[in-house]
Amino acid sequence: MRTYDLILKKRNGYSLSKIEIEYLMTGYLEGTIPDYQVAALIMAIYFQGMSDQEIFALTRTIAESGENISLEEIPGLKVDKHSTGGVGDTTTLVLAPLVAAAGVPVTKLSGRGLGHTGGTLDKLESIEGFETGFSKRALVEKVKKTGLVVAAQSSDLVPADQKLYALRDVTATVDSIPLIAASIMGKKLAIGNDALVLDVKTGTGAFMKEQKEAIKLARIMTALGQEAGRDTVAVISRMDQPLGKAIGNSLEVKEAILTLRGQGPQDLKELCLLLGGWMVYLGGKTKDPAQGRKDLVRLIENGAALNKFREMVENQGGNKNVVDDLELLPAAKRKLEIKADHAGYISSLDALQIGSVAVNLGAGRRIKTDTIDPAVGIVLKKKIGDPVQVGETLAVIHVPAESFKDMDRFVQDLVKSAYRYSIEPVSVPPLICGWIDRKGKCHYA
Ligand code: URA
Ligand code: CA
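Numbers given for residues are sequential positions, taken from 1 along each chain in its written order. The lettering of chains begins at A and the numbering of ligands begins at 1, in the order of writing. With pLDDT at 70 or above as the cut-off, local features in this predicted model cover only qualifying residues; side-chain atom pairs require 80 or more to be listed or tallied, and sums for whole chains, interfaces and linings still use all residues. Side-chain descriptors were evaluated using all non-hydrogen atoms of the structure, hydrogens and water having been removed beforehand.

**Side note on the site of ligand 1**
Alright, step 1. Surrounding ligand 1, one finds Tyr165, Arg168, Ile180, Ser183, Ile184, Lys187 and Phe207.
Alright, step 2. With respect to ligand 1, the side chain of Ser183 contributes an N or O atom lying 2.6 Å from a nitrogen atom.
Alright, step 3. One of the side-chain N or O atoms of Lys187 is found 2.7 Å from an oxygen atom in ligand 1.
Alright, step 4. Every accessible area reported is derived by Shrake-Rupley at a probe size of 1.4 Å, with residue values counting cover from the shown protein chains alone. When ligand 1 is considered free in solution it has 240 Å² of accessible area, and contact with the protein chains removes 88% of it.
Alright, step 5. When residues of the shell around ligand 1 are traced back to their parent elements, those giving at least two are helix H8 (159-169) and helix H9 (177-189).
Alright, step 6. Numbered from the N terminus, helices here are DSSP runs of H or I no shorter than four residues, and strands are runs of E no shorter than two. Considering every element that reaches the shell around ligand 1, the biggest residue donor is H9, with four residues.
Alright, step 7. Among the residues making up the shell around ligand 1, the classes are represented as four nonpolar, one polar and two charged. A cutoff of 4 Å decides nearness: a residue is near a molecule or strand if any of its heavy atoms lies inside that distance of it. Definition of a polar contact: a pair of N or O atoms within 3.5 Å, with one able to donate and the other able to accept a hydrogen when the atoms are protein atoms, and with sequence-neighbouring residues admitted only if both atoms are side-chain atoms. Polarity classes work like this: nonpolar for Ala, Val, Leu, Ile, Met, Phe, Trp, Tyr, Cys and Pro, charged for Asp, Glu, Lys and Arg, and polar for all others, with Gly in that last group.

Dropping the structure here:
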């Protein structure tokens, strides 16, 4: 096989066989096929797309490129979730303990934040002492003990994805549906969960700006999961404005704890109950997702979900007292209130722009090696549909101790311009667009 011929084949719109895809990925990982050839290949994939068979083959090769984690020792059906990312997406922090409280074991491997999306690990590490790096053995032991673990994906898992993602990042080939699907599902298949609930975002703050594209991505990922024997469904949800009110690491931990106490923002709670209802159902605990959702409401009301969060924190070496005393979380010394210059109704709130403010404050990373400030971030006081008067607070910025010159002005201008107003009342677009069932059928909400 010649790499050149395979690039040419893909460039001209033909499908690559399983053996050809394996040859390319193995060669790339071993270093016998150089970056520049793979760069050309993925650009050809970007323009020509891939057949389902090609995507299946690519996903398998990615999944098998490194270590796999078996969860066989853990009794019961193990269920994972994945969100395609967004701004202020606090769902894992709420969902993992919530679903574990319903008796479904959750082994969730997460990433760190890069660009405008925050990372679950960065958020949890704002809790004093909280650890996320564990051996395979320790992961399994932790899940056996408390029913959940949220940990870092080690570098021996899916090395092909790590290498390919870094190349996509610098060659303008990240937003390709086949490559995203194979990247996400390759990682999921490397861990021995039985079922998977996907939250595929659509809207201005998501990878997939158009709902049609999000459905396409959700469909192929559902098919990839089912084909590999993992019971997979997907929910399509909107990411035009940030989810919940808090964006920032310790701020989102606080928001998650409030949600588990039944005091969280409506949109975050709604999405968690929907995704969680599916997780409980796929975990074999209820007859349908609606019943799963009802069970989860009860577990919030009776404190079991919050208690599970406390157990998780303790089991991962963190200070569990934060659950009852939110003052123990890192907090910014200075806050900056952003006031409205206009009256009316909020018609849009640019998630990407708010995400970029958070990164500029130090809540996220521009490059991999940036350090995170756990205390900083944004708390939104006004979201789409809310009425607003001139001089009312739109958002509160939790400012870093050491800020660059004119930061206040810079942040204020960015936050203000993320808001758009309407004179007429604005109806809030529904958070949930629909879902893809096990058979790949799309149901619109
Ligand atoms: N998340 C991933 O893990 N991979 C992608 O390609 C896109 C989002
Ligand atoms: Ca949030």
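Having seen it, we continue.
**Topic: the sheet that holds strand E13 (residues 432-436)**
Alright, step 1. Strands were regarded as paired on the criterion that DSSP finds at least two bridges between them. Strand order in the open sheet made by the five strands is E1-E4-E5-E13-E14, with mixed pairing throughout. The open sheet has two edge strands with one neighbour each: strand E1 (79-83) and strand E14 (442-444). Between one strand and the next, the sheet's axes are offset by a mean angle of 20 degrees, whatever the strand orientation.
Alright, step 2. The pairing of strand E4 (residues 195-202) with strand E5 (residues 231-238) spans eight bridges and is parallel. Note on geometry: axes are lines fitted to C-alpha atoms, helical ones only across the stretch in contact, with angles between N-to-C directions running from 0 to 180 degrees.

**Details of the domain arrangement of the protein**
Frequently, the measure chosen for interface size is the accessible area removed from exposure when the parts meet.
Alright, step 1. All the domain ranges listed were derived from an automatic or database domain assignment. Partitioning the protein into structural domains gives domain 1 (3-49), domain 2 (79-157 + 168-325 + 432-444) and domain 3 (331-422).
Alright, step 2. Each of domain 1 and domain 2 has a C-alpha centre, and these two points are 32 Å apart.
Alright, step 3. Residue contacts follow a heavy-atom distance rule, with two residues in contact if any of their heavy atoms lie within 4.5 Å. Each partner contributes residues to the interface: domain 1 has six residues there, and domain 2 has eight residues.
Alright, step 4. Summed over both partners, the accessible surface that disappears when two parts come together, traced with a 1.4 Å probe, is what is meant by buried area. Of the roughly 550 Å² buried between domain 1 and domain 2, counting both surfaces, carbon and sulfur atoms make up 80%.
Alright, step 5. We count a salt bridge whenever a side-chain nitrogen from Lys or Arg sits within 4 Å of a carboxyl oxygen from Asp or Glu. Counting across the domain 1 and domain 2 interface gives zero salt bridges.
Alright, step 6. Joining domain 1 to domain 2, the criterion identifies zero residue pairs in polar contact (both at pLDDT 80 or more).

**Here we look at the coordination of the calcium ion (ligand 2)**
Alright, step 1. Here the term donor refers to an N, O or S atom within 2.8 Å of the metal (or 3.2 Å for Na, K and Ca), and because water is left out of the atoms, sites may appear incomplete. The coordination sphere of the calcium ion (ligand 2) contains the protein donors Gly88 (O), Thr90 (OG1), Leu243 (O), Ala246 (O) and Glu255 (OE), at a distance range of 2.3 to 2.7 Å.
Alright, step 2. Counting residues between consecutive donors of the calcium ion (ligand 2) along the chain gives the motif G-x1-T-x152-L-x2-A-x8-E. Taken together, the residues Gly88 in the loop between E1 and helix H5 (91-101) and Ala246 in strand E6 (residues 246-247) connect sequence positions 158 residues apart.
Alright, step 3. Among the residues examined, Ala246 registers a relative accessible area of 5% and is labelled buried. A simple rule labels every residue: compare its accessible area, found with a 1.4 Å probe on the protein chains alone, to the largest value its type can have, and call it buried under 20%, exposed over 50%, or partly exposed in between.

**Concerning the pattern of salt bridges**
Alright, step 1. A complete count under the given rule lists 30 salt bridges for this structure.
Alright, step 2. The salt bridge involving Asp267 is made with Lys383; its shortest N-O contact spans 2.7 Å. Placement of Asp267 in helix H12 (residues 266-282) and of Lys383 in the loop between strand E9 (377-380) and strand E10 (387-388) is noted, with a sequence separation of 116 residues between them.
Alright, step 3. Judged by its relative accessible area of 18%, Asp267 is buried.
Alright, step 4. Overlapping salt bridges, with partners in common, bring together Glu73, Arg137, Glu141 and Lys144 in one network.

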